[in-house]
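Summary of structural features
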Amino acid sequence: TFGNASDMEINTKVPHNTFVLTPFHSFTPKKESMRIITGKYKGRHFDIPRTFKARPTTDFAKENIFNVLNGYIDFDGITALDLFAGTGSIGLEFASRGAEWVDMVEKQPKQVAFIQSVIKTLQAEDEAAVHVGNVFKWITPQTDSTTAPYDLIFADPPYALEGLVKLPQLVFSSELLAPEGLFILEHPETYDFSKTPFFVKHKRYSAVNFSIFQNLP
């Protein structure tokens, strides 16, 4: 039997130096999203499934490298190839900025399905397509692409990828890059491509590194 109101008040007080355990709430990881920075699809956000292991280029790095590329190329009307497309962030940015056509290559079927859904949502089927496949097989002279050569090729491989160092050589020997075309490679800071043929510039944004190459005579 409860006592009077004053007794209840005294009994519910917590003694000094006593720790009170609050109910445990399960932690839900924050959703990552892929954002298109500028162009006709500017500001569009797409939630990335939590099951993805992709490491999308940060908005900060993406915005800065595109600012650099603006000094080399006019995106309007170009053809572009996005290798190791991941979430499609880079390829869709090309499309948003006016590329006539963008091919994206990704080997993970779930990520290909995600990119396809984004293309459909944007109604960009006449501007971009994603292909499930091995990048190393794609960048060969035997590729079945009908839009080659490309004005711009971007590659964001897994940082632990075996053969990453060979990508510039493979891209240029594939003849997939148009004369004066650009190849941009995102890579760990442990790589130095400054002595590689066709190298133009290295840019670093926090922990993200880009090497820029140009198909000049």
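In this report, we go over the structure that sits alongside the text. (Residues numbered from 1 in each chain as written. Predicted model: local features only at pLDDT ≥ 70, side-chain atom pairs only at ≥ 80, totals over all residues. Heavy atoms only, no water.)

So, the environment of Leu-216
We count it as follows: Think of it this way: any DSSP run of H or I at least four residues long counts as a helix, any run of E at least two long counts as a strand, and we number them from the N terminus. Exposure is judged per residue with a 1.4 Å probe applied to protein chains only, and the accessible area is read against the type maximum: over 50% gives exposed, under 20% gives buried, and values in between give partly exposed. Throughout, a residue-residue contact means that at least one pair of heavy atoms, one from each residue, lies within 4.5 Å.
On the secondary structure map, Leu-216 appears in the segment after strand 9 (208-214). Leu-216 gets classed as partly exposed once you look at its relative accessible area, which sits at 39%. Placed 35 residues apart in sequence, Leu-216 and Gly-181 show a C-alpha to C-alpha distance of 7.9 Å. Leaving out residues up to four positions away in the same chain, Leu-216 has contacts with Glu-180 and Phe-198.

Notes on the side chain of Arg-97
Operational definition: Side-chain atoms alone can form a polar contact between residues adjacent in sequence; in general such a contact is a pair of N or O atoms within 3.5 Å, and within protein one must be able to donate a hydrogen while the other accepts it.
If you trace the backbone, Arg-97 turns up in the loop between helix 3 (89-96) and strand 4 (101-106). Classification of Arg-97 by relative accessible area gives buried; the value is 17%. Separated by 2.9 Å, the side chains of Arg-97 and Glu-93 make a polar contact. In this structure Arg-97 touches Ile-37, Thr-38, Phe-66, Asn-70, Phe-75 and Asp-76, once residues within four positions along its chain are discounted.

Some words on unusual backbone geometry
A positive phi angle is found at Glu-175, which is not glycine, with a value near 65°. Counting through the fold element by element, Glu-175 comes out in the loop between helix 6 (167-173) and strand 7 (177-187). By relative accessible area, which is 65% here, Glu-175 ends up exposed. Phi at Glu-180 takes a positive value of approximately 70°, unusual for a residue other than glycine. As for its placement among the helices and strands, Glu-180 is situated in strand 7.

Quick look at the nonpolar core
Worth spelling out the cut-off: We call a set of buried Ala, Val, Leu, Ile, Met, Phe, Trp, Tyr and Cys residues a nonpolar core when their side-chain atoms join them within 4.5 Å.
Formed by 40 residues in total, the largest nonpolar core has its most connected members in Ile-65, Phe-94, Met-104, Leu-152 and Ile-184. Top element by residues in this core is helix 4 (residues 109-122). It accounts for six residues. Excluding residues within four positions of it along the chain, Ile-65 makes contact with Ile-184, Tyr-205, Phe-210 and Ile-212. Among the nonpolar cores identified, the runner-up in size contains 21 residues, and Leu-81, Leu-83, Val-135 and Phe-172 belong to it.

So, to be careful, I would describe these as geometric facts and stop short of saying anything about function.
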